Amino acid sequence: MSTAGQRLPEGPYDAVWASPGRVNLIGEHTDYNDGYVLPFALPHSTVVGGRRLDRPSWTVWSEQTGETVTFDGTQKVEGWAAYVAGVVWALREAGHDVPGAALAITSDVPSGAGLSSSAAIECAVLAVLLDLGGFDVPMAVRPRLAQRAENEYVGAPTGIMDQSASTLCRAGHALFLDCRSLATEQVPFDLAAQGLAILVVDSRAPHAHVTGEYAARRRDCEEAAKILDVPALRDVEPDGLQAALARLDDEVMRKRVRHVVTEDQRVLDTVAALRSGDARAVGPLMTASHSSMREDYEITVPEVDTAVSAALRAGAYGARMTGGGFGGCVLALVDAERCAAVEAAVREAFAEAGFTPPDAFVVTPAEGTHKIDYAG
Ligand code: ADP
Ligand code: MG
């Protein structure tokens, strides 16, 4: 259970729910190509306590902003509370008579670090409002509701992965998600049982050019799919890759396609390794994914490349940048007892390069959205 629950102000609450942040183990920039991703939930979560109000009005306080915002659904809410108002809006759009509520929010998910504090707040608010309203909405359809809040209300064009992970992940598992069919499978990823852990390194590299570069990658992929006459790059099979590349004149486009097609295959290979109980075999796939992002997709920056190399030199089984790129976090798969040594090696490499010192923490796959018994 989340320790963040203890930090909620004294209730009473009619319902308290927690939703975690997430990292993507492997499968980068595959989502908008109708491909595969494999996120798992972090032990860090956002906790929301809610009390029913007898009028259609919502008051929300966040420990992270120290602010209280009130809205009644008739005005467009801006700023951080838009993530909450967006969920109310999405639920109403879906035909639910959302009860008014007083909400208190606290979180230990780092915000803006690519660990999806945005999905965590949306999914926890969604769970509380559904609980308060007594609505029976299956977990499987909740990610779409939360995603609508972020896409259409907040205005951030994100895929379905973040909300799916925050809602559906199970402790000791990664979530295999097919971004075309939205089919999911819980894949055993019990690191602790195998003496392993994931070291997360937040490179703290300034995110520059992210939006423009993301749009450019998407455009290249869509154009390539058109030339190759497939609905999406997911439909290019690995054994048809060479033939597909030969049909593309543009060298940059060839590199983009090669990343997406090989990355989809690496997700499938990772799932196969995990199903067979061999988590260590995931290491080389992570490292290959990083090379592909660096060489072919060209979305890494010196800070994340440095973190990956230093982690590998210090004995990590594999390491890769996770997230959209141009900064963000690196994951390293390490023996649990080697975490401190690997972290020290990364810190030393950053100091030598003159980079801002990174943040680092150790994680094992945690539970998705869950209800908290709250006494108080
Ligand atoms: P990420 O999802 O990678 O953390 P985003 O930019 O998508 O980054 O979302 C971060 C934003 O979500 C914050 O700037 C804030 O507006 C909102 N947010 C997330 N968690 C909280 C919280 N606990 N309290 C208030 N706002 C939050
Ligand atoms: Mg986000």
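Residues numbered from 1 in each chain as written. Chains lettered and ligands numbered in written order. Predicted model: local features only at pLDDT ≥ 70, side-chain atom pairs only at ≥ 80, totals over all residues. Heavy atoms only, no water.

## Here we look at the overall build of the chain
Working step 1: Within the chain, the secondary structure is distributed over 10 helices and 13 strands.
Working step 2: For the chain, the C-alpha radius of gyration of 21 Å lies close to 21 Å, the compact-globule estimate for 376 residues.
Working step 3: Projecting the C-alpha coordinates of the chain onto the three principal axes gives extents of approximately 65 × 50 × 40 Å.
Working step 4: Out of the 376 residues belonging to the chain, those deemed buried represent 55%.
Working step 5: In the chain, 32 positive and 51 negative side-chain charges are present, and the distance between their average locations comes to 1 Å. (Helix = DSSP H or I, 4+ residues; strand = E, 2+ residues; numbered from the N terminus. Rg over C-alpha atoms; globule rule 2.2 N^0.38 Å. Buried < 20%, exposed > 50% of the residue type's maximum accessible area, 1.4 Å probe, protein only. Lys, Arg positive; Asp, Glu negative; His and termini not counted. Charge placed at Lys NZ, Arg CZ, Asp CG, Glu CD.)

## Looking at the packing of helix H1 (residues 82–93) against helix H3 (residues 142–154)
Working step 1: In contact at an axis separation of 8 Å, H1 and H3 are set at 115° when each is read in the N-to-C sense. It follows that H1 is roughly perpendicular to H3 by the angle criterion. In this structure, H1 crosses over H3, and the sense of that crossing is right-handed. On H3, the residues touching Ala82, Tyr83, Ala85, Gly86, Val87, Trp89, Ala90, Leu91 and Glu93 of H1 are Leu145, Arg148, Ala149, Glu150, Glu152, Tyr153 and Val154.
Working step 2: Along the lines of polarity and charge, the residues of the contact of H1 with H3 split into 11 nonpolar, 1 polar and 4 charged. (Axes fitted to C-alpha atoms, helices over the stretch in contact; angles between N-to-C directions. Parallel < 35°, antiparallel > 145°, perpendicular 65-115°, else oblique. Left-handed = near helix turned anticlockwise from the far one by under 90°. Contact = heavy atoms within 4.5 Å. Nonpolar A, V, L, I, M, F, W, Y, C, P; charged D, E, K, R; others polar.)

## Details of the site of ligand 1
Working step 1: The environment of ligand 1 is formed by 17 residues, the closest being Ser62, Gly112, Gly114, Ser117 and Ser118.
Working step 2: The separation between an oxygen atom of ligand 1 and a polar main-chain atom of Gly114 is 3.0 Å.
Working step 3: Side-chain polar atom of Ser117 to an oxygen atom of ligand 1: 2.6 Å apart, as the coordinates give it.
Working step 4: For ligand 1, whose unbound accessible area comes to 560 Å², protein coverage reaches 76%.
Working step 5: When each cavity is represented as a set of grid points, ligand 1 is found to reside in the largest pocket.
Working step 6: For the shell around ligand 1, the leading source of residues is helix H2 (residues 117–133), giving 3 residues.
Working step 7: When its residues are assigned to classes, the shell around ligand 1 shows 7 nonpolar, 10 polar and no charged. (Near = heavy atom within 4 Å. Polar contact = N/O pair within 3.5 Å; in protein donor to acceptor, adjacent residues only side chain to side chain. Areas by Shrake-Rupley, 256 points an atom, 1.4 Å probe, with all protein chains shown as cover. 1 Å grid on protein atoms, 1.4 Å probe; cavity = no way out; pocket = protein on both sides within 12 Å on 5 of 7 lines; lining within 4 Å. Sits in = over half its atoms within 2 Å of the grid points.)

## Notes on the domain arrangement of the chain
Working step 1: As far as domains go, the chain holds domain 1 (4–188 + 366–371) and domain 2 (192–363).
Working step 2: Taken over C-alpha atoms, the centre of domain 1 sits 26 Å from the centre of domain 2.
Working step 3: Each partner contributes to the interface: domain 1 provides 28 residues, whereas domain 2 provides 39 residues.
Working step 4: Taken together, both faces of the contact between domain 1 and domain 2 bury some 2,900 Å²; the carbon and sulfur share is 65%. (Domains from an automatic or database assignment. Buried area = accessible area lost by both parts, 1.4 Å probe.)

## Looking at unusual backbone geometry
Working step 1: The amide bond that connects Gly11 to the next residue, Pro12, takes the cis arrangement and shows omega of 5°.
Working step 2: Note that Pro12 resides in the segment before strand E1 (15–24).
Working step 3: We note that Glu298 has phi near 50°; this positive angle belongs to a residue other than glycine.
Working step 4: With respect to the helices and strands, Glu298 occurs in the loop between helix H8 (282–295) and helix H9 (302–313).

## Examining H2
Working step 1: The end-to-end C-alpha distance of H2, which contains 17 residues, comes to 24 Å, matching closely the 24 Å that a straight helix rising 1.5 Å per residue would cover.
Working step 2: For H2, a buried count of 15 out of 17 residues is recorded, marking the element as mostly surrounded by other parts of the structure.
Working step 3: Downstream of H2 by one or two residues, Gly134 has phi in the positive range, about 70°. (Expected span 1.5 Å × (residues − 1).)

## Side note on the sheet that holds strand E12 (residues 359–363)
Working step 1: Read across the open sheet, the 4 strands follow the order E10-E11-E9-E12; overall the sheet is antiparallel. Of all the strands in the sheet, the pair left with one neighbour each is strand E10 (318–322) and E12. Taken over all neighbouring pairs, the strand axes of this sheet differ in orientation by 25° on average, direction set aside.
Working step 2: Bridge count between E10 and strand E11 (residues 329–335): 5 bridges; the pairing is antiparallel. Residue pairing for E11: Ala319 is matched across the bridge by Ala332.
Working step 3: Relative to the sheet, H8 contacts strand E9 (196–202), E10 and E11, its axis offset from that of E10 by approximately 45°. (Pairing = 2+ DSSP bridges.)

## Some remarks on the pattern of salt bridges
Side chains bearing opposite charge may pair, as long as their charged atoms lie close to each other.
Working step 1: Following the criterion strictly, the structure yields 24 salt bridges and no others.
Working step 2: Close ionic contact of Arg7 with Glu63 constitutes a salt bridge, the shortest N to O distance being 3.2 Å. Taken together, the positions of Arg7 in the segment before E1 and Glu63 in the loop between strand E4 (58–62) and strand E5 (67–71) put the pair 56 residues apart, joining distant regions of the chain.
Working step 3: Arg266 is paired through a salt bridge with Glu263; the nearest N and O atoms lie 2.9 Å apart. Highlighted residues: Arg266 and Glu263, both in helix H7 (residues 251–275), separated by 3 residues, approximately one helical turn. For the pair formed by Arg266 and Glu263, the shared burial category is buried.
Working step 4: When salt bridges with common partners are traced through the structure, they connect Glu28, Glu263, Arg266 and Arg320 into a single cluster. (Salt bridge = Lys/Arg side-chain N within 4 Å of Asp/Glu carboxyl O.)

## Observations regarding helix H5 (residues 210–228)
Working step 1: Spanning 19 residues, H5 covers 27 Å between terminal C-alpha atoms, matching the ideal 27 Å at 1.5 Å per step.
Working step 2: What H5 keeps buried is the set Ala216, Arg217, Asp220, Cys221, Ala224, Ala225 and Leu228.
Working step 3: Looking at the buried positions of H5, the neighbouring elements they touch are helix H6 (241–246) and H7.
Working step 4: One or two positions beyond H5, positive phi appears at Asp229, with a value near 60°.

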